[in-house]
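Single-letter residue listing:
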Amino acid sequence: MRRPLFSILRSGRSWRPDYNLEDARHFLHGHLAPWHFQHLCCGTLSALTPPFILEATDVSRTYTTGGAEVHAVAGVSLALRRGDFVALVGPSGCGKSTLLHVCGAMDRPSSGAVRLESAVLESADDTELTRIRRERVGFVFQFFNLLPTLTLLENVELPLLLASRRLADAEPAARALLDRVGLGPRLHHYPQQLSGGELQRGALARALVHSPALLVADEPTGNLDTENGQRVLALLADLNQETGVTMLLATHAPDVAAAAHRVVRMRDGRIESESAARAAV
Amino acid sequence: MRLFSWFILRRVLHEPLRSGVTTLGIALGVAVVVAIQLTNASSLAGFQTALNTVSGRTSLEIVGTGAGIDELRLTALGWLREYGEVAPVIEGNLVYRQPGHPAEVLRLLGVDILRDQPFREYDLLEWRDPSAADGGSPPAAQAAADVKTQDFLELLLDPSSVIMAARFAEPRGLGPGSAFVVNVGDRVVSLKVRALLRDEGPARVLDGRFVLMDIAGAQQALNRFGRVDRVEIRVAEGTDLDAVEAAIARRIDEGLIVQRPAQRGRQVENMLAAFHLNLTALSYIALLVGLFLVYNTVSVAVLSRRSEIGTLRALGVSRGQVRGLFLAEAAALAAVGSGAGILAGRLLADATVALTSTTVSALYIATAAAPPALTGMHVILAFATGVPLALMAALVPALEASRVEPMAAIRGGDQVEARARFPGRSLGAGIMLLAGGGWLATLGPVRGLPLFGYASAIVLLFGASCTVPAMLFATARAVQRPVRRFLKVEDWLAVTNLSASVPRLSISVAALAVSLSMMVAVSVMIGSFRETVVYWIGQTLHADLFVSPGSRQQTGPDEPLSPEVVRAIASSPAVAAVDRFASTEVPYGDTRVRVGGGDFNVLLQHGTLLFKAPADGREAMRRAIGRQAVVVSESFAIRQNVAVGGEVRLPTAGGPVPFTIAAVYYDYSSDRGVLVMDRAMFERHYGDVGIGGLSVYLREGVDPERVREQFLSALGDTHRVLINTNASLRGEALRIFDSTFAITYALEIIAIIVAIAGVSGTLLTLILEREREFTVLRLIGTGRRQIRRMVVVEAVLIGSISQSVGLVAGLLLSLVLIYVINVQSFGWTIQFHLPTAFLVQSSILMVLATALAGLYPARRAQNLGTYARGDGGGT
């Protein structure tokens, strides 16, 4: 147990995906000598106990199309704690997808600040954003977007392999997660051989296999029938409970929003209202 | 039409790079085809137009064999005047040398100036007063009045005066009155320009490289006193030419032949047919590869515009119209490309003519070094090949476009077929085609041309192409596991992409494999050929010195060595023996062959030939001495289908004579048929045609280099001879060999470049097609570098598979080239030899080149946005 942690400390970066915060806290209480603790305080430790996992402050994102400026997101502030389950709702074009992209390290804000754990996203370069996405963020899309050339198992292994994990480690992790989402018997099927609901559950497994801090989902049930939609939604809620992963969803669907702890309503690039949903209470 | 201009034209103009590359590809292909047509025409045209213009209004000609027609016989031929006007002609080659410039061959035409006017148009003659020659005013301004008989008389008074084409004279600072020196055989002759021919009509023949002389002066210059080459007859208008020809043939002496001037042209054409067919076949490869670019471009257009096509379909555009739109795009690009290709072809022709004229004049005939002008035929050829073939290439993607559903617009791009099944059917077809190609290779030639051989090559190539999908599939499958286990994740992704894109990739890989197999086949063929020639030279070039006239341009039909030079060399104390070789060209069937006489005893004692048959060729050759027997070159035996013991009837000065074939020997110096008899026999049948060359065997211990110097200094300035030592002749032979094949490489390089552009285009297509996958990969944390590596690895895989298929297909093809096409067109036996080093080198180069071809698509791929585009959702 000792060696990996030192390697984390030495790297001085955010946490490796295979050690979540709970593990680290346990470890710190049990094993750290005071001088170790002091060392951590000045460096990475400050990232361990922030009040928020994601903190977007006064974020704007402006596009220029055909010479006209479009303020897709205009001065939004949003903060998510660990284990939060937040739904962004609003009409088409309200800026919820853009906000999702900015929070998910896919895009940089035009102005304002975004912090994901200890990482400062607004000033990160492309390489840095890529690394953050690879290690700390999971994505679920409306159209599933599993790679058609890979089997389900391979699709789920991919994020771990991209992060240079050994195949011998990646495969059991992917299998376990696919079992969890109920796709154990479909491991060697290709995406074309799976139904929409199966695809989205597979995509969910891919998004979580590397234990991200934040799961970003854009209309995750938008392309599913009611029954499959419900099933995916239930799975999202369960996994949120089980893994403590923070979830940020963009959706049109009222029932999806209802499953969230908190609902953030957007209009014309701004936050219109924010309410605690039923589940949170 | 409006739809076309909105939907296609604007897009084409908006993407100048892609449209440009495609147009360029077509243009290049068309240019090569046009250039080769022009080149082929030029090697003939040099001869043909010279023939036509020179023969003027001649309807029939009487030619002799061997040393020509004795002037004394002309009186006996007086009866020819019953059929029309009669004029004797003598022809020869002069070599004009200007310090600092390569030697140029001038065709000398000696005519009976006074009697000749009915035959040739002299009204284009322009006489200039020598005193006004430096005025600098344009020649046209000085054009004098009509040429009068009196002017011709002046030409008669001075046997060294010539009429020269202004086109040749002016750039070289020659004008009326200027004297110049030429080589005729080994002799140096001084001539004087009497007049210039205006640069039009006949004066353009051979690019102006010809001079007119009075026949007496020409005989003197050519050292052929009392002889003429032929007698031309101009039959009165309205006479039945066939009847006259038959009548003359009945009355004429043995040993003379009556024929139409065009017949000589046809014989030369037949002689060159195989060589030309080879070039033409090569040129179409370049075009094929250009078409592959069209396929690519239209594919990219269709793929990247699926949703647009869907929108059009949703708006009520029919499938047929969609198909028409993309076909029209291909046609438009092809039309522009073909147009540009015609012009580029004209420019390219200069280069290819320069590349091939060495070969043609080394192996066949003296030619003009300039391509003929473009004609309407070339324009038609360019469009008639470029446009329909481009339409064919665009058909598959256009059909694909027409199958796009209106829904594509709404769904925002549908998934591409990603899982390929094992392409068993195409593999089966491929194997059957390969077998068919093998069968075709066993068939014989058609009218001396290896048409089945070419068919076999094409069928083999198609067969190999058909195996490509299976190869791709199998390779991707085979390497998937090891790559996943031992290499990086992006390499593994590249392999999975490859196996998923088999249908899409197959055409590109097949096209690349085809051009590579061509390159492999041609280099194996040339490599084998070269090895064979090196061996042959080693076996047969035994003489210490080789002497030829200084005017000699490699092997062309040439003026002989002067008797005094032959005597001087043969009587030198350093010389042990001399093999004198004399030869003359005679018509044989529908082509022309060379009949030669050599000293069989000297050859048998000091040197040897490499005999193909019989087993003891030397003994057979010895027995041939003093008998009516010939040893024939392999190419003669193969092309005329004769064998040892057979009989050939050759036209001789005394009429047709049968000769027995004593032996067949290998000869790679020419694909012309060569028949050699002992000198005494040759002189008996063909008279004294002069010695064309000497093989000199020196005494033991004499330094050939020193003897060479001695000979050269002894001959001094009065004679120009070319003396090669054994070593330098071997080097020269290989140099000629290599320059002969330079054109092949040039064409191959073009094909490869276009093919690589094709790989780049294909990858680009694939990337556009998989844009969403790239986006997803980027979103789940694939770095730019990893994406780049993935695409480059894909490119390398494509290159490697193409190269392997190309290697195998190329080796098969080289067998067809060596054992079928080459044997049937040139009659050469080539020993198979694998240029391993070259093949390894070119394989590595090819893989590197495809990696390079992957760089641009890789850059495009890494820059695909990180947004989940087309995902519905909000902004």
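None of the values given here were measured: they were computed from a predicted structure.

Novice: Which residues make up the packing of helix 28 (residues 784–826) of chain B against helix 29 (residues 836–862) of chain B, and what values do they have?
Specialist: Residues and elements named next belong to chain B. Running from N to C, helix 28 and helix 29 point in directions that differ by 145°, and their axes come no closer than 7 Å. Taken as a pair, helix 28 and helix 29 cross one another with a handedness that is right-handed. When its residues are assigned to classes, the contact of helix 28 with helix 29 shows 17 nonpolar, seven polar and three charged.

Novice: Outline the sheet that holds strand 7 (residues 214–218) of chain A, listing residues and values.
Specialist: Residues and elements named next belong to chain A. Taken together, the six strands give an open sheet; going across it, the order is 6-7-8-3-9-10, and neighbouring strands pair in mixed fashion. Only two strands of the sheet have a single neighbouring strand rather than two, namely strand 6 (137–140) and strand 10 (270–276). Mean inter-strand twist for the sheet, computed between neighbouring axes without regard to direction, equals 20°. Judged from the five bridges that link them, strand 7 and strand 8 (residues 246–251) form a sheet pairing that is parallel.

Novice: Lay out the nonpolar core with the relevant residues and their values.
Specialist: All names here are of chain B. Counting residues in each nonpolar core, the largest one holds 270 residues, and the members touching the most others are V294 and A390. In contact with A390, other than residues within four places in its own chain, are I26, L291, V294, A330, A331, L333 and A334. The next biggest cluster of nonpolar side chains, apart from the first, holds 49 residues, and it includes I90, V95, L108 and L196.

Novice: Break down the sheet that holds strand 5 (residues 119–120) of chain A for me, citing the residues and quoting the values.
Specialist: Residue and element names in this part refer to chain A. Spatially, the four strands line up as an open sheet ordered 2-1-4-5, and their pairing is antiparallel. Looking along the sheet, the strands with just one partner apiece sit at the ends: strand 2 (68–80) and strand 5. Where strand 1 (residues 54–65) and strand 4 (residues 111–116) come together, five bridges link them in antiparallel fashion. Counterpart to L54 in the pairing with strand 4 is L116.

Novice: Tell me about the interface of chain B and chain A, and name the residues and values.
Specialist: Listed as interface residues are 26 residues of chain B and, on the opposing side, 37 residues of chain A. Put simply, the parts of the chain that give the side of chain B that touches chain A at least two residues each are helix 16 (451–486), helix 17 (489–500) and helix 27 (771–779) of chain B. Here the side of chain B that touches chain A is composed, by residue class, of eight nonpolar, eleven polar and seven charged.

Novice: Before we move on, could you go through the pairing of strand 14 (residues 575–588) of chain B and cite the residues and values that matter?
Specialist: Residues and elements named next belong to chain B. Sheet analysis places strand 14 next to strand 21 (residues 693–698), joined by six bridges and oriented antiparallel. Paired with V578 across the two strands is V696, which belongs to strand 21. Summarising the sheet, strand 14 and strand 15 (residues 591–598) pair through seven bridges and their orientation is antiparallel. Within strand 15, the position partnered with T584 by the bridge is V595. Between the antiparallel neighbours strand 14 and strand 15 lie two residues, among them G589 with a positive phi of about 60°.

Novice: Mind laying out the packing of helix 16 of chain B against helix 28 of chain B, listing which residues take part and the relevant values?
Specialist: Residues and elements named next belong to chain B. Helix 28 packs onto helix 16 with a crossing angle of 165° between their chain directions and a minimal axis gap of 9 Å. Comparing the axis directions of helix 16 and helix 28 gives the class roughly antiparallel. Viewed along their axes, helix 16 and helix 28 form a crossing whose handedness is right-handed. Between helix 16 and helix 28, the contacting residues are G453, Y454, S456, A457, L460, L461, A464, T467, V468, M471, L472 and T475 on the first element and I801, V805, A809, L812, L813, V816, V820, I821 and Q824 on the second. Tallied by class, residues from the contact of helix 16 with helix 28 come to 16 nonpolar, five polar and no charged.

Here is what the cut-offs are and how they apply
- Residues numbered from 1 in each chain as written.
- Chains lettered and ligands numbered in written order.
- Predicted model: local features only at pLDDT ≥ 70, side-chain atom pairs only at ≥ 80, totals over all residues.
- Axes fitted to C-alpha atoms, helices over the stretch in contact; angles between N-to-C directions.
- Helix = DSSP H or I, 4+ residues; strand = E, 2+ residues; numbered from the N terminus.
- Left-handed = near helix turned anticlockwise from the far one by under 90°.
- Nonpolar A, V, L, I, M, F, W, Y, C, P; charged D, E, K, R; others polar.
- Pairing = 2+ DSSP bridges.
- Core = buried A, V, L, I, M, F, W, Y, C linked by C-beta atoms within 7 Å.
- Buried ≥ 20, exposed ≤ 12 C-beta atoms within 10 Å, placed from the backbone.
- Contact = placed C-beta atoms within 7 Å.
- Parallel < 35°, antiparallel > 145°, perpendicular 65-115°, else oblique.

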